[in-house]
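# Descriptive analysis of the structure
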Amino acid sequence: MLHGPHAVHEQIAGELWNAKNERKPIPPISARYPYFTAQDAYIVQRELRALEHKDGAVHAGYKIGATSVAIQEMFGVDEPDFGFLTEGMLLADGASLDPERFISPKVEGEIAFRIGADLSDPRTTAADVLAATTELFPALEVLDSRIENWDIAWVDTVADNASSAMAVLGKGVPFDGRDLAAETMVFESGESVLTANGSAVMGHPAESVACLVRILASFGAGIGAGDVVLAGSLAAAIDLEPGATVRASFGSLGSVSLSMRNTCEIERR
C-alpha cells in the first residue's frame, strides 16, 4: 500500500474527476496498479471528494453499495463499499435526466434513510440505526462508472466513489417502526419488472446502514446528524437508456420515478 496521500492517489483522483466531467472513461485502475489495496482505493476516493468540495459541492450523506447478492453477482464483488453524496447529486421525484451527463448509466431501486443523530461507534447495530432514523425515502440511485466498459474490480468502484452519479428521492415518510425487511419493491422500466423486498439488503436495510457506520468508524469518521444514506439496491441494476422511464414502487413507502430524455429532445433545444 502507498501510505497516505501520494502522487499516484492524486493522479488517479484527477483522472476520475476529468472522466466524470468530460464523460470519457479511463482504463481500470486495478489493471494498472495491481498492488492497490482497499485503503489505497479509499484514499483516492477521499482525494476525489476533496476535488468535489473545492469545486463547491456540499456534503449530503453516503451510499453503501454491493449489499445484496444480486448486485454482488452482477459486478463480481463480494463485500460492501461506500461512497459520498453531495447536495447536487440529490434530485426530486420525477427528475428528467440529460443522457449527455453520463457515460454508461445504470439505475437501482433502494430505501434511503435520514439519520437524525451522529453515528460513529464501531459497535453500531441495526437497532441503533433505527433509533436514530427520522424519515425514510423511496429512492432510485443512478450509477455511472468512470471506468471503461464497467470493467471493475472492487478497488475500481471504491476509488470511483462507489460508481455513484446521483439519486432521485421520493417523498419522505416519518419512520414509525415499520418492518423494513418485509418492505416490498416493484422496480419497473419498460418491459423489465423486478420484485424484491428489504431483506435482500443484508437481511435488513438498517443492518446495511450499521455496516456503513462500522466501516466509517475504521476511518475515524461516521454518519452525521441530517445525513441521507442510500442503503443499497434491493434488486439488480438495469441499464438506463435514453427515453426510458423508471419507477420503484414500495409497499408502504410510496413510489419514486425518473426519466431519461431522448437524445433527439436534446438536439431540438
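The structure contained in this document is the topic of the report that follows. Predicted model only: the values in this text are computed from it and were never measured.

The rules behind each value
Residues numbered from 1 in each chain as written. Predicted model: local features only at pLDDT ≥ 70, side-chain atom pairs only at ≥ 80, totals over all residues. Heavy atoms only, no water. Salt bridge = Lys/Arg side-chain N within 4 Å of Asp/Glu carboxyl O. Helix = DSSP H or I, 4+ residues; strand = E, 2+ residues; numbered from the N terminus. Pairing = 2+ DSSP bridges. Axes fitted to C-alpha atoms, helices over the stretch in contact; angles between N-to-C directions. Core = buried A, V, L, I, M, F, W, Y, C linked by side-chain atoms within 4.5 Å. Buried < 20%, exposed > 50% of the residue type's maximum accessible area, 1.4 Å probe, protein only. Contact = heavy atoms within 4.5 Å. Phe/Tyr/Trp six-rings, centres within 6.5 Å; stacked < 30°, edge-to-face > 60°. Lys NZ or Arg CZ within 6 Å of the ring centre and 35° of its normal.

## A short note on the pattern of salt bridges
All chains considered together, the criterion is met by nine salt bridges. For Glu-141, the salt bridge goes to Lys-63, with nearest N and O atoms at 3.0 Å. Of the two residues, Glu-141 sits in strand β6 (residues 133-144) while Lys-63 sits in strand β1 (residues 59-65), which places them 78 residues apart along the sequence. With its nearest N and O atoms 3.5 Å apart, the salt bridge here joins Glu-135 to Arg-114. With Glu-135 in strand β6 and Arg-114 in strand β5 (residues 105-115), this residue pair connects regions lying 21 residues apart in the sequence.

## Brief notes about the sheet that holds strand β10 (residues 192-197)
Pairing within the open sheet is mixed, and its five strands lie in the order β4-β14-β13-β9-β10. The open sheet has two edge strands with one neighbour each: β4 (95-97) and β10. Geometrically, the sheet is characterised by an average inter-axis angle of 15° between neighbouring strands, direction not taken into account. Both β4 and strand β14 (residues 254-260) contribute to a ladder of three bridges, which runs parallel. If you follow Ala-95 over to β14, its bridge partner there is Leu-258.

## Here we look at the environment of Glu-108
As for its placement among the helices and strands, Glu-108 is situated in strand β5. Taking the C-alpha atoms as reference points, Glu-108 and Leu-140, 32 residues apart in sequence, are found 5.5 Å from one another.

## As for the nonpolar core
Membership of the largest hydrophobic core comes to 83 residues, with the highest contact counts inside it found for Phe-113 and Ile-223. Among the elements that make up this core, the one with the highest residue count is helix α7 (residues 205-217) (eight residues). Dropping the residues within four chain positions of it, Ile-223 is found in contact with Tyr-62, Ile-115, Ala-117, Asp-118, Leu-119, Val-209, Leu-212, Val-213, Leu-216 and Val-229.

## Re the packing of aromatic side chains
Enumeration according to the criterion identifies eight aromatic pairs in this entry. Between Tyr-33 and Phe-36 the ring centres are 5.6 Å apart and the planes differ by 35°, which places this aromatic pair in the tilted class. Per residue, the accessibility class of Tyr-33 equals that of Phe-36, and both read buried. Ring centres of Phe-82 and Phe-219 lie 6.1 Å apart, and the angle between their planes is 75°; this geometry places the pair in the edge-to-face category. Placement of the pair is Phe-82 in strand β2 (residues 81-86) and Phe-219 in the loop between α7 and β11 (228-233), with a sequence separation of 137 residues. Look at Phe-219 and you get partly exposed, because its relative accessible area is 42%. Ring-pair connections join several aromatic residues into one group, and the members of that group are Tyr-42, Tyr-62, Phe-82, Trp-154 and Phe-219. Taking the ring centre of Trp-150 as reference, the NZ or CZ of Lys-106 above it sits at 5.4 Å.

## A look at unusual backbone geometry
Here the phi dihedral of Trp-150 falls at roughly 55°; this positive angle occurs in a residue that is not glycine. By secondary structure assignment, the location of Trp-150 is in the loop between β6 and α6 (154-159). Exposure remark for Trp-150: the relative accessible area of 14% places this residue in the buried category. Backbone geometry at Ala-162 places phi at a positive 55°, although glycine is not the residue there. Note that Ala-162 resides in the loop between α6 and β7 (164-169).

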